[in-house]
Amino acid sequence: MDNDASNSGLNRRDMLRLLGAGAVAALLPGMLPEAHGAEVAAGGQFERAKGPGVIFVVGDGMPAGVVRAMHEVRTGVFGRKDSNLYARLRDPKSSIGYSATASLSSIVTDSAPASAAWSTGVHTINHSLAVLPDGRKLTTIFELLKPRGVACGLVTTTRVTHATPAAWVSHQADRDLEDVIAEEMLAFKPDVLLGGGRNHFDPKRRKDGKDLQAGFSSAGYDVVSDRAALLATPVQAKPLAGFFSGSHIPYYVDRLNDSNLSGVPSLPEMTTAALKRLAKNPGGFLLQVEAGRIDHASHSNDAWSAIMDTIELDDTLGVIDAFLKVNPRTLVVVTSDHGNSGWGVNGTGPEYNDATSALRSYRAGKASFEATIKRMQGKSAGEIQTLLTEMSGFPISPADVELVIQAMQPGFQPFPGDFIYQPDATMGRILAHSVYPKQGAPTIRRGNVGFTSCNHTAEDQMLLVYGHKAKEQGVDRLVENIELFNVMCRAFGVHHANPTMTLAQARPFLLAGTADKESLRRHIA
Ligand SMILES: [Zn+2]
């Protein structure tokens, strides 16, 4: 017999043992009233907004594989009747299409031009925010709307200076100049700015010693730095900035299992705070909400962290549902900027019939690879075996540990060579490996999410639109990602056409030599 929890008969003690009390509080709110995250937010405390709104929800690097896995885990492991996302996908009132994601320079985009495609309606080259390769700045949707009295908000689980939020404000050709992007954020003054990335605003961590947090305070912002302050700050008609982590906000699975992280708000909590603020603006609002680390987990081939961060996105859609009940003049877009790492729930076992159970078995995971690898540093093989077994919930052999230790060596060359994040990818492969004899039960039983690389991928992405006039947007088909700029412009009655370039014109400006492992690793670490 496998260890699946049934939809109807969840055993509380089993769930506590498997997941830790924090996770149960978050995911099974009926059992523990003091829920974290979505359940607090979905309590229905939204007021009627003063103007119309558009909520643009990004699952960064959230291809169909992780979306289906999230739905399966949400319903099959955590006992929900349905996921919020699938309920909207099934709803005949929703508009469902596909988004092509290629940038100007490549069929495989990175987050910077992907987000700039939405914010400007124009394709630019990889690594660039809202700027053409020849240096011409592209006017963003935020820059069009703010002077017209529309409030602009950014909420993310990454650094707020990371590519997806940055591309709605910044015109850097180099997305890695995050200290500069932080200054552009302060200069633009979004009405809400919530996420990680405090280091880029901190005088002690910035090379130039500028105190940008003080800059927000003197510009009249409520500035908060932990969950308690975020929840306690009265909702006022003034701007709000919150930096809750030096770098990215820790993965959802780590926040659920590590009490040291209880001061970090969840994505649903940040979204709730943002919507309450933005709803006070008479001219309406545009809010980008990003579950930004689904992408990072997939780069690391860390299936469970990716699934759990997608569950957090699904919780956030629950918050947005509560907002829509009070505010039907709100349009919601849910999409992803690109695929990642060939995310695949593989068929496994005789006739593939063990695949569902194998996927559900990831639920014993108690920590992300990011947190686990930090704890593995300087440890012996035996200690690593104990740690990996405990953190993953899967049996880990000495031979597995030997592979992980090899992958931790600085000069390690993986084969095939595109599994650049190590030992992450090696760990992902180990946790996805079961051994089935010709007959009977598996001799080694683990998960089944396989990855083709540690890199972004090219496949088209889900494009779900619902709420106010969703069916009138003309995106219930395959569209270019740039079309979503026009959707946002239409919602606020704005017309704008940015300049464009062809690939031939852009080619002389393409950078060489930026594909080294360290420059890529910077995006997820
Ligand atoms: Zn991305």
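See the structure printed just above.
Here we summarise the structure given alongside this text. This one's a predicted model, so the numbers in the text were calculated from it and none came from an experiment.

### Digging into the overall build of the protein
Scanning the protein from N- to C-terminus turns up 23 helices and 14 strands. Radius of gyration (C-alpha) of the protein: 22 Å, near the 24 Å computed for a compact globule of 525 residues. Across its three principal axes, the protein shows a C-alpha extent of roughly 65 × 55 × 50 Å. For the protein, the proportion of its 525 residues judged to be buried stands at 58%. Look at the contacts in the protein between residues 6 or more apart in sequence, and 75% of them connect residues 24 or more apart. Each charge sign in the protein was given a centre, from 52 positive and 54 negative side chains, and these centres are 5 Å apart.

### Comments concerning the coordination of the zinc ion
Only Asp-60 (OD), Asp-60 (OD), Ser-111 (OG), Asp-337 (OD) and His-338 (NE2) from the protein reach the zinc ion as donors, at distances of 1.8 to 2.8 Å. Of note, the donors binding the zinc ion are all from one chain and are spaced D-x50-S-x225-D-H. Just as Asp-337 is buried, His-338 falls in that class too.

### Here we look at the pairing of strand β3 (residues 151-159)
Buried residues dominate β3, accounting for nine of its nine residues. Pairing geometry for β3 and strand β7 (residues 285-291), over six bridges, is parallel. Its bridge partner lying in β7, Val-155 is registered against Val-289. Pairing analysis gives four bridges linking β3 to strand β4 (residues 192-196), with the strands arranged parallel.

### Observations regarding the pattern of salt bridges
One pass over the structure, following the stated rule, counts 23 salt bridges. In this structure, Asp-179 and Arg-206 form a salt bridge, with 4.0 Å as the shortest nitrogen-oxygen distance. In this pair, Asp-179 sits in helix α9 (residues 178-188) while Arg-206 sits in the loop between β4 and α10 (212-218), placing the two residues 27 residues apart along the sequence. Glu-183 is the partner of Arg-206 in a salt bridge, and the nearest nitrogen-oxygen pair spans 3.0 Å. Here the residue Arg-206 occupies a position in the loop between β4 and α10, and Glu-183 occupies one in helix α9, the gap between them amounting to 23 residues. The exposure class of Arg-206 is buried, given its relative accessible area of 4%.

### A closer look at the packing of aromatic side chains
Here the structure, examined in full by the defined rule, presents 13 aromatic pairs. Aromatic pair Phe-285 and Phe-323: ring centres 5.8 Å apart, planes at 80°, arrangement edge-to-face. Here Phe-285 is found in strand β7, whereas its partner Phe-323 is found in helix α15 (residues 303-326), with 38 residues between them in sequence. The class of Phe-285 is buried, set by a relative accessible area of 0%. Taken together, the aromatic side chains of Phe-56, Trp-118, Phe-142, Trp-168 and Phe-188 make up a single cluster linked through ring pairs. Over the ring of Phe-188 we find Lys-146, and its NZ or CZ is 5.7 Å from the ring centre.

### Side note on unusual backbone geometry
Of the consecutive residues Gln-422 and Pro-423, the connecting peptide bond is found in the cis state with omega at 10°. Of note, the phi angle at Glu-351 is positive, near 55°, even though the residue is not glycine. By the secondary structure assignment, Glu-351 is in the loop between β10 (344-345) and α16 (355-360). Even without being glycine, Tyr-352 reaches a positive phi, approximately 70°.

### Description of the packing of helix α17 (residues 369-376) against helix α18 (residues 381-392)
Contact pair α17 / α18: the axes reach a minimum separation of 10 Å and the direction vectors enclose 160°. The angle between the axes of α17 and α18 places the two elements in the roughly antiparallel class. As α17 packs across α18, the resulting crossing turns out to be right-handed. Across the interface between the two elements, Thr-372, Arg-375 and Met-376 of α17 pack against Ile-384, Leu-387, Leu-388 and Met-391 of α18. Here the residues of the contact of α17 with α18 are counted per class, giving five nonpolar, one polar and one charged.

### Considerations on the environment of Ile-430
Tracing the backbone shows Ile-430 in helix α20 (residues 424-431). Along the sequence, Ile-430 and Val-224 sit 206 residues apart, while their C-alpha atoms lie 41 Å from each other. Those residues in contact with Ile-430 that sit more than four places away from it in its chain are Ile-396, Asp-400, Leu-403, Val-404 and Arg-446.

### Some remarks on the pairing of strand β2 (residues 95-100)
Here five bridges tie β2 to strand β13 (residues 461-467), and the two strands are oriented antiparallel to one another. Counterpart to Ser-95 in the pairing with β13 is Val-465. Two elements, β2 and strand β14 (residues 478-480), share three bridges in a ladder whose sense is parallel. Opposite Ser-99, over in β14, you have Val-479 as the bridge partner.

### Quick look at α18
Counted at 1.5 Å a residue, the expected span for α18 with its 12 residues is 16 Å, and the 16 Å between its end C-alpha atoms agrees. Within α18, the full set of buried residues consists of Ile-384, Leu-387, Leu-388, Met-391 and Ser-392. Across the axial projection of α18, the buried residues extend over an arc of 105°, all falling on one side. Close packing links the buried residues of α18 with α17, α19 (398-408) and α20. Two residues or fewer after α18 comes Gly-393, characterised by a positive phi angle close to 80°.

### Let's talk about the sheet that holds β4
By way of backbone hydrogen bonds, the strands of a sheet pair with one another, either parallel or antiparallel. Spatially, β5-β6-β4-β3-β7-β1-β8-β13-β2-β14 is the arrangement adopted by the 10 strands of the open sheet, whose pairing is mixed. Each of the sheet's edge strands pairs with one partner strand only, and the pair in question is β5 (222-224) and β14. In this sheet, neighbouring strand axes are inclined to one another by 15° on average, regardless of whether the strands run parallel or antiparallel. In terms of strand pairing, strand β1 (residues 53-59) meets β7 through seven bridges, oriented parallel. Directly across from Phe-56, in β7, lies its bridge partner Gln-288. Where α15 meets the sheet, its contacts fall on β1, β3, β7, β8 (330-335) and β13, and the angle it forms with β1 comes to roughly 170°.

Criteria and cut-off values
- Residues numbered from 1 in each chain as written.
- Predicted model: local features only at pLDDT ≥ 70, side-chain atom pairs only at ≥ 80, totals over all residues.
- Heavy atoms only, no water.
- Helix = DSSP H or I, 4+ residues; strand = E, 2+ residues; numbered from the N terminus.
- Rg over C-alpha atoms; globule rule 2.2 N^0.38 Å.
- Buried < 20%, exposed > 50% of the residue type's maximum accessible area, 1.4 Å probe, protein only.
- Contact = heavy atoms within 4.5 Å.
- Lys, Arg positive; Asp, Glu negative; His and termini not counted.
- Charge placed at Lys NZ, Arg CZ, Asp CG, Glu CD.
- Donors = N, O, S within 2.8 Å, 3.2 Å for Na, K, Ca; no water.
- Pairing = 2+ DSSP bridges.
- Salt bridge = Lys/Arg side-chain N within 4 Å of Asp/Glu carboxyl O.
- Phe/Tyr/Trp six-rings, centres within 6.5 Å; stacked < 30°, edge-to-face > 60°.
- Lys NZ or Arg CZ within 6 Å of the ring centre and 35° of its normal.
- Axes fitted to C-alpha atoms, helices over the stretch in contact; angles between N-to-C directions.
- Parallel < 35°, antiparallel > 145°, perpendicular 65-115°, else oblique.
- Left-handed = near helix turned anticlockwise from the far one by under 90°.
- Nonpolar A, V, L, I, M, F, W, Y, C, P; charged D, E, K, R; others polar.
- Expected span 1.5 Å × (residues − 1).
- Arc of directions from axis to C-beta.

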